Amino acid sequence: MIAARFSLPLFPEQASTLAPRVDALLFFLLAVSTFFTLLIAGCIVVFAIRYRRRPGNEVAEQVRGSDRLEIAWSVIPLLLCLVMYVWGAQLYFAAASPPPDALEVYSVAKQWMWKFQHLSGPREINELHVPVGLPVKVLMTSQDVIHSLFVPAFRVKQDVLPGRYTQLWFQATTPGTYHLFCAEYCGTLHSGMIGQVVAMEPADFQRWLAGGTAASPAVAGEKLFADLGCDTCHRAGAQARCPDLAGLFGRTVTLTTGQTLTADEGYVRESILTPGAKIVAGYENIMPTYQGLVNEEGVLQLIAYIKSLQTTEAKGPS
Ligand code: CUA
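Residues numbered from 1 in each chain as written. Predicted model: local features only at pLDDT ≥ 70, side-chain atom pairs only at ≥ 80, totals over all residues. Heavy atoms only, no water.

Q: Help me get a handle on the packing of aromatic side chains, residues and values and all.
A: Under the defined criterion, the tally for this structure stands at nine aromatic pairs. Pairing F28 with W87 gives two aromatic rings, centres 5.0 Å apart and planes at 35 degrees, and the pair type is tilted. Within this pair, whereas F28 is found in helix α2 (residues 19–50), its partner W87 is found in helix α3 (residues 67–96), the two being separated by 59 residues in sequence. For F28, a relative accessible area of 22% corresponds to the partly exposed category. Aromatic side chains F225 and Y305 sit 5.1 Å apart centroid to centroid with 55 degrees between the ring planes, which places their arrangement in the tilted category. Here F225, found in helix α5 (residues 217–227), pairs with Y305, found in helix α7 (residues 296–314); they are 80 residues apart in sequence, far enough to count as distant. Cluster of aromatic residues (ring-pair linked, three or more members): F154, F170 and Y178. Directly above the ring of F150 sits K157, whose terminal nitrogen or CZ lies 4.7 Å from the centroid. The ring centre of Y165 lies 5.8 Å from the NZ or CZ of R269, which sits over that ring. (Phe/Tyr/Trp six-rings, centres within 6.5 Å; stacked < 30°, edge-to-face > 60°. Helix = DSSP H or I, 4+ residues; strand = E, 2+ residues; numbered from the N terminus. Buried < 20%, exposed > 50% of the residue type's maximum accessible area, 1.4 Å probe, protein only. Lys NZ or Arg CZ within 6 Å of the ring centre and 35° of its normal.)

Structure below.
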């Protein structure tokens, strides 16, 4: 708000639901810091003048501590810090937990580009189209080194790591084109690893989506699943030597070690690339690794396919 009024070029536009909340906290921290900086600096100057050494007043008079003063300067900062902590934690949890109905976009970062794929198919490079007014979740991994996806106008930034998934979510509020940066030094062309987020009215976004011709990740994943021969073992029926994947995603899985876990993207990815790491109770460690046979985009497509089995199998009445 303050930034908008004075149009300080230091502050990017506020184009997501999170942006005004992040800015409000930032301005609160700035205000508190400014107040105490001025107060302390002012006291130093005033005391230095008022209690300076003067003829006839050569020796300082020692003052014993004041309990009331000490309690005041302990309790007030404590309360202020607790306000910062609670406010910051609320914002952190809001930024870290995407709403369950968020639209999903997959992203693979590599030196030096951002690849995005929408669940209905369209792929983009260094450009991300999103609708305004709807939450969007970006599930990200890297093909090589650590990158970081940063959209200043949305006040969101998340590291993108090789070997695991991270996510970021936002809900754009204003149609427009916003900068997208890599915010983690990732090699010589790091500064060129930039692009734009195009926030569109939902109707325009639907039109844009319909213009794409690429197969959806779930369809591409189904083909990959067959091409890699996964379906020879992973199938329903008595001869199945590996778990049937229908309805797997999001379910609780019991391992041979007795541990349980929830089948999420990270678990599925690990099971494709390092199958021996976690064996489901009742099965043998017979699956070969697909490391090198399937790239990060392929893994995301396989995950999308397995998720799609989930929605047809486990969809409640609606
Ligand atoms: Cu990617 Cu810096």
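On we go from here.
Q: Kindly report on the sheet that holds strand β9 (residues 176–182), identifying the contributing residues and their values.
A: Taken together, five strands build an open sheet; the order of strands is β4-β10-β9-β6-β7 and the sheet is mixed. Edge strands, defined here as strands with exactly one partner in the open sheet, are β4 (127–131) and β7 (156–160). When the angles between neighbouring strand axes are averaged without regard to direction, this sheet yields 20 degrees. With five bridges connecting them, β9 and strand β10 (residues 195–200) associate as antiparallel partners. The residue of β10 that forms the bridge with T177 is V198. This element, helix α4 (residues 202–210), spans β4 and β10 of the sheet and lies at about 130 degrees to β4. (Pairing = 2+ DSSP bridges. Axes fitted to C-alpha atoms, helices over the stretch in contact; angles between N-to-C directions. Contact = heavy atoms within 4.5 Å.)

Q: Talk me through the environment of L119; I want residue IDs and the actual numbers.
A: In this structure, L119 sits in the loop between β2 (113–118) and β3 (123–125). Relative accessible area serves as the criterion here: at 39%, L119 is assigned to the partly exposed category. In this structure the C-alpha to C-alpha distance between L119 and Q301, which are 182 residues apart in sequence, comes to 9.4 Å. Not counting residues within four places of it along the chain, the set of residues in contact with L119 comprises E104, Y106, S216 and P217.

Q: Quick rundown of the layout of surface pockets? Include the residues and the values.
A: With a probe scaled to a water molecule rolled over the atoms, the places where space remains empty come into view. Considering only enclosed or pocket space, the largest pocket measures out at about 560 Å³ in volume. If you list the elements that add at least two residues to the lining of the largest pocket, you get α6 (265–273) and α7. Of the residues assigned to the lining of the largest pocket, the class counts are 21 nonpolar, five polar and three charged. Roughly 310 Å³ of volume is contained in the second largest pocket. Looking at the second largest pocket, it is lined by 14 residues, and the ones nearest its centre are Y92, A95, A96, K157 and Q158. Among the secondary structure elements, those contributing two or more residues to the lining of the second largest pocket are α3, β7 and β8 (166–171). Looking at the lining of the second largest pocket, the element that brings in the most residues is α3, giving four residues. (1 Å grid on protein atoms, 1.4 Å probe; cavity = no way out; pocket = protein on both sides within 12 Å on 5 of 7 lines; lining within 4 Å. Points joined across faces, edges and corners; volume = space filled by probe spheres on them. Nonpolar A, V, L, I, M, F, W, Y, C, P; charged D, E, K, R; others polar.)

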